[in-house]
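A look at the structure
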Amino acid sequence: MYDYDLLVVGSANADLVIDVERRPGAGETVLGSDLAVHPGGKGANQAVAAARLGARTALLARVGDDPYGRLLLDSQRTAGVDTTGVLVGGAPTGVALITVDPSGDNSIVVSPGANGRLTPQDVLAAAPLFRTSRVVSAQLEIPMETVVAVAASLAPGSRFVLNPSPPRPLPAVVLAACDPLIVNEHEAKVILGGSATGGEPEDWARALLAKGPKSVVVTLGAEGALVASAEGVTRVASVRVDAVDTTGAGDSFTAALAWRLGTGSSLAEAAAYAARVGAVAVTRRGAQESFPTAEEVDALCCAHPGDAPRTPGRETGGTPGNEQRGELL
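Residues numbered from 1 in each chain as written. Predicted model: local features only at pLDDT ≥ 70, side-chain atom pairs only at ≥ 80, totals over all residues. Heavy atoms only, no water.

1. Notes on the sheet that holds strand β8 (residues 133-138)
If you walk across this open sheet you meet the nine strands as β5-β4-β1-β8-β9-β10-β11-β12-β13, and the pairing is mixed. Strands at the two margins of the open sheet, each flanked by one partner only, are β5 (86-88) and β13 (232-236). Sheet twist, expressed as the average angle between the axes of neighbouring strands with direction ignored, equals 20°. One ladder, built from three bridges, connects strand β4 (residues 57-63) with β5; its direction is parallel. Note that in β5 the partner of Ala61 across the bridge is Val86. Relative to the sheet, helix α7 (residues 185-192) contacts β10 (178-183) and β11 (215-219), its axis offset from that of β10 by approximately 115°. (Pairing = 2+ DSSP bridges. Helix = DSSP H or I, 4+ residues; strand = E, 2+ residues; numbered from the N terminus. Axes fitted to C-alpha atoms, helices over the stretch in contact; angles between N-to-C directions. Contact = heavy atoms within 4.5 Å.)

2. Details of helix α8 (residues 201-209)
All buried positions along α8 are accounted for by Pro201, Glu202, Trp204, Ala205 and Leu208. Across the axial projection of α8, the buried residues extend over an arc of 160°, all falling on one side. Considering only its buried residues, α8 is in contact with β10, α7, β11, β12 (225-229) and β13. (Buried < 20%, exposed > 50% of the residue type's maximum accessible area, 1.4 Å probe, protein only. Arc of directions from axis to C-beta.)

3. What about the layout of surface pockets?
A volume near 170 Å³ is recorded for the second largest pocket. Along its surface, the second largest pocket is lined by 13 residues, and Val227, Ala228, Ser229, Glu231 and Leu267 are the ones closest to its centre. Of all the elements, β12 adds the most residues to the lining of the second largest pocket, at three residues. Its residues assigned to classes, the lining of the second largest pocket shows four nonpolar, five polar and four charged. (1 Å grid on protein atoms, 1.4 Å probe; cavity = no way out; pocket = protein on both sides within 12 Å on 5 of 7 lines; lining within 4 Å. Points joined across faces, edges and corners; volume = space filled by probe spheres on them. Nonpolar A, V, L, I, M, F, W, Y, C, P; charged D, E, K, R; others polar.)

4. Digging into the nonpolar core
Ranked by size, the top nonpolar core spans 53 residues in total, and within it Leu53, Leu59, Val217, Phe253, Leu257 and Tyr273 carry the most contacts. In terms of residues, this core owes the most to one element, helix α10 (residues 267-281), which gives eleven residues. Leu129, Cys178, Trp204 and Val216 belong to the second-largest nonpolar core, a separate cluster that totals 39 residues. (Core = buried A, V, L, I, M, F, W, Y, C linked by side-chain atoms within 4.5 Å.)

5. With respect to the packing of aromatic side chains
One pass over the structure, following the stated rule, counts one aromatic pair. The interplanar angle of 65° and the centroid separation of 6.2 Å between the aromatic rings of Trp259 and Tyr273 together place this pair among those described as edge-to-face. Note that Trp259 is positioned in helix α9 (residues 249-262) and Tyr273 in helix α10, a separation of 14 residues in sequence. Side by side, Trp259 and Tyr273 carry an identical accessibility label, which is buried. Positioned above the aromatic ring of Trp259 is the side chain of Arg260, whose terminal nitrogen or guanidinium carbon lies 5.8 Å from the ring centre. (Phe/Tyr/Trp six-rings, centres within 6.5 Å; stacked < 30°, edge-to-face > 60°. Lys NZ or Arg CZ within 6 Å of the ring centre and 35° of its normal.)

6. Quick look at the side chain of Asp66
Assignment of secondary structure puts Asp66 in the loop between β4 and α2 (67-79). Buried within the structure, Asp66 lacks any salt-bridge partner; Arg70 is the closest side chain of opposite charge, at an N-O distance of 6.3 Å. A polar atom in the side chain of Asp66 sits 2.6 Å from the side chain of Thr93. (Lys, Arg positive; Asp, Glu negative; His and termini not counted. Salt bridge = Lys/Arg side-chain N within 4 Å of Asp/Glu carboxyl O. Polar contact = N/O pair within 3.5 Å; in protein donor to acceptor, adjacent residues only side chain to side chain.)

7. Points about the packing of α7 against α8
Close contact between α7 and α8 brings their axes to 11 Å; oriented N to C, the two are set at 45°. One way to sum up the angle between α7 and α8 is to call them oblique. Considering the relative orientation of α7 and α8, their crossing is left-handed. The residues of α8 that touch α7, namely those facing Glu185, Ala188, Ile191 and Leu192, are Trp204, Ala207 and Leu208. Grouping the constituent residues of the contact of α7 with α8 by class yields six nonpolar, no polar and one charged. (Parallel < 35°, antiparallel > 145°, perpendicular 65-115°, else oblique. Left-handed = near helix turned anticlockwise from the far one by under 90°.)

8. So, empty space enclosed by the protein
For the structure shown, the criterion picks out two cavities of 30 Å³ or more. The calculated volume of the second largest cavity comes to roughly 40 Å³. Lining of the second largest cavity is provided by Ala12, Ala44, Leu59, Ala61, Val63, Leu72, Leu73, Gln76 and Val86. Counting only elements with at least two residues in the lining of the second largest cavity, the list comes to β4 and α2. Split by residue class, the lining of the second largest cavity holds eight nonpolar, one polar and no charged.

9. Topic: the confidence of the model for the chain
Confidence in the prediction of the chain, expressed as mean pLDDT, is 87, and 89% of residues score 70 or more. Below a pLDDT of 50 lies the segment residues 304-329, which in the model reaches 135 contacts outside its immediate sequence neighbourhood of four places, other chains included. (pLDDT = per-residue confidence, 0-100.)

10. Observations concerning the sheet that holds strand β6 (residues 94-100)
The four strands lie next to each other as β3-β2-β6-β7, forming an open sheet whose pairing is mixed. The sheet terminates laterally at β3 (36-40) and β7 (106-111), the two strands that pair on one side only. Recorded for the sheet is a direction-independent mean angle of 25° between the axes of neighbouring strands. Here five bridges tie strand β2 (residues 13-19) to β3, and the two strands are oriented antiparallel to one another. Considered in β3, the bridge of Val17 is made with Ala36.

Below, the structure written as structure tokens:
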């Protein structure tokens, strides 16, 4: 018996967001909108996204003993996330500086803060959470040695989902635990070594599988996505929506996919559902406040009866429901 459908281990940031007419070049200053502050961070985003969908969710993260930390804890609890595993103190809360252009595309700079103090010892101390979680999800806004500890702490029968963002080479022990590894084109290039991503996306997926994951999801923007495992490679199509802000949409995709896998959906079914979740998210501003409920995802299906779901894009979490390529949190 599992107490949690999903345990998310990862970052919790305050997102400081400014709308701009265009992003500045090197040495350039541009004027933007008033500053907006939102709860964010890839781990905190995933936890809220899953809880909004109805998943029993817990978060293992670290925040500062400061107003941003309290903002993040409040947002988790409001969404229904169990915050037993959220540690407080050791450094200021992490901060993400985000600019959003009129197309909804964004650029992000992250100051890790307390996220960099989430240690392997913290993971070991959270053993009761791991023992009672059906699926565990992680990202790379926390130290790599902590992600290694997560992969080593999985309970028998539980499943590990990893979105390697921001991307960097992955240790073999982490790759072997992934089921699936979720990447876009940029992340695939980093993990495969850049030039190894020539050819078709199916080739990238097979090359990634050869590195050890049990399964792989590659997101492809307007072309949808594909899922790959020992059983073969399957394409997932897309549905179009008008994107307003892509911040956090990749996190909502990963959270929805992880949760649906835990309910018994196939990888292709889970990816198709996750694409619809991401598509709803980009039609709203902000990260966590944009994440839909299950009822809102169902309403999107009804609004687009003949269309298949759209997935986050080729670049770092690209845009669900928009033809552009762009950065997602």
